[in-house]
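Overview (structure and organization)
Next come the chains, spelled out residue by residue.
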Amino acid sequence: MFDYKPTHLIVDGELILPLPTKWEVEWFLYNIVKQIEMIPIAPVLTYETALMLSSIQLIAESHISLTVKKASHMLFLDVFSCKLFDVTKVLVATQSTFSLKNVTHQVVERMVPN
């Protein structure tokens, strides 16, 4: 069993060009799951249009999603898990993988029922 502590990490940042490719986003999701010791339950799913790139990795503990808005050069990352994870690892990996400026993040700890 794992430490049950539902946590939602939300990261927003402005991408410095070039924008990431579909492959780079999927590679990031694949690797971040390993780094924070989660269990993937499906392949990374990606949807891309001329305006956006959106990928999600379903994990046994919940999900990790990343969306790139191409026109505004914005990146939005959500990591939600019922298993405790290292938020700092995610933040460092995000910044080292993607060139970002004006990055903000927030951590929301979800309610645990009695």
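This brings us to the side chain of Q57. Within the secondary structure layout, Q57 lies in strand β3 (residues 52-59). The buried category is assigned to Q57, whose relative accessible area is 3%. Within polar-contact distance, the side chain of Q57 engages the backbone oxygen of A42 at 2.7 Å. Those residues in contact with Q57 that lie beyond four places of it in its chain are L29, V33, P40, I41, A42, P43, V44, S62, H63 and I64.

Another aspect to go through is the packing of aromatic side chains. Each aromatic ring pair is described using two quantities: the centre-to-centre distance and the angle formed by the ring planes. By the definition in use, this model includes two aromatic pairs. Aromatic side chains W23 and W27 sit 6.4 Å apart centroid to centroid with 20 degrees between the ring planes, which places their arrangement in the stacked category. Placement of both W23 and W27 in helix α1 (residues 22-35) is noted, with a separation of four residues, approximately one turn of the helix. According to the relative accessible area criterion, W27 is partly exposed, its value standing at 41%.

In this model, L17 is joined to P18 through a cis peptide bond whose omega is 5 degrees. Inspection of the secondary structure puts P18 in the loop between β1 (4-15) and α1. Its identity is not glycine, yet S62 carries a phi of approximately 155 degrees, on the positive side. One can find S62 in strand β4 (residues 62-69).

Relative to the helices and strands, S81 is located in strand β5 (residues 74-83). S81 gets classed as buried once you look at its relative accessible area, which sits at 0%. Polar side-chain contacts of S81 include one of 2.9 Å to the backbone nitrogen of K83.

Core analysis: the biggest nonpolar cluster contains 25 residues, and I64, L66 and L77 have the highest contact counts within it. Where this core is concerned, the elements lending two or more residues are β1, α1, β3, β4, β5 and α2 (87-97). Considering each element in turn, this core owes the most residues, five residues, to α1. Here L77 is in contact with L9, I10, V11, F28, I64, S65, L66, V90 and T94, once residues within four sequence places are set aside.

Running from N to C, α1 and α2 point in directions that differ by 155 degrees, and their axes come no closer than 10 Å. As the angle between them shows, α1 and α2 are arranged roughly antiparallel. Of the two elements, α1 crosses α2, and the hand of that crossing is right-handed. In this structure, α1 contributes W27, F28, I32 and Q35 to the contact, and α2 contributes K89, V90, A93, T94 and T97. Partitioned by chemical class, the residues of the contact of α1 with α2 number five nonpolar, three polar and one charged.

Criteria and cut-off values
Residues numbered from 1 in each chain as written. Predicted model: local features only at pLDDT ≥ 70, side-chain atom pairs only at ≥ 80, totals over all residues. Heavy atoms only, no water. Helix = DSSP H or I, 4+ residues; strand = E, 2+ residues; numbered from the N terminus. Buried < 20%, exposed > 50% of the residue type's maximum accessible area, 1.4 Å probe, protein only. Polar contact = N/O pair within 3.5 Å; in protein donor to acceptor, adjacent residues only side chain to side chain. Contact = heavy atoms within 4.5 Å. Phe/Tyr/Trp six-rings, centres within 6.5 Å; stacked < 30°, edge-to-face > 60°. Core = buried A, V, L, I, M, F, W, Y, C linked by side-chain atoms within 4.5 Å. Axes fitted to C-alpha atoms, helices over the stretch in contact; angles between N-to-C directions. Parallel < 35°, antiparallel > 145°, perpendicular 65-115°, else oblique. Left-handed = near helix turned anticlockwise from the far one by under 90°. Nonpolar A, V, L, I, M, F, W, Y, C, P; charged D, E, K, R; others polar.

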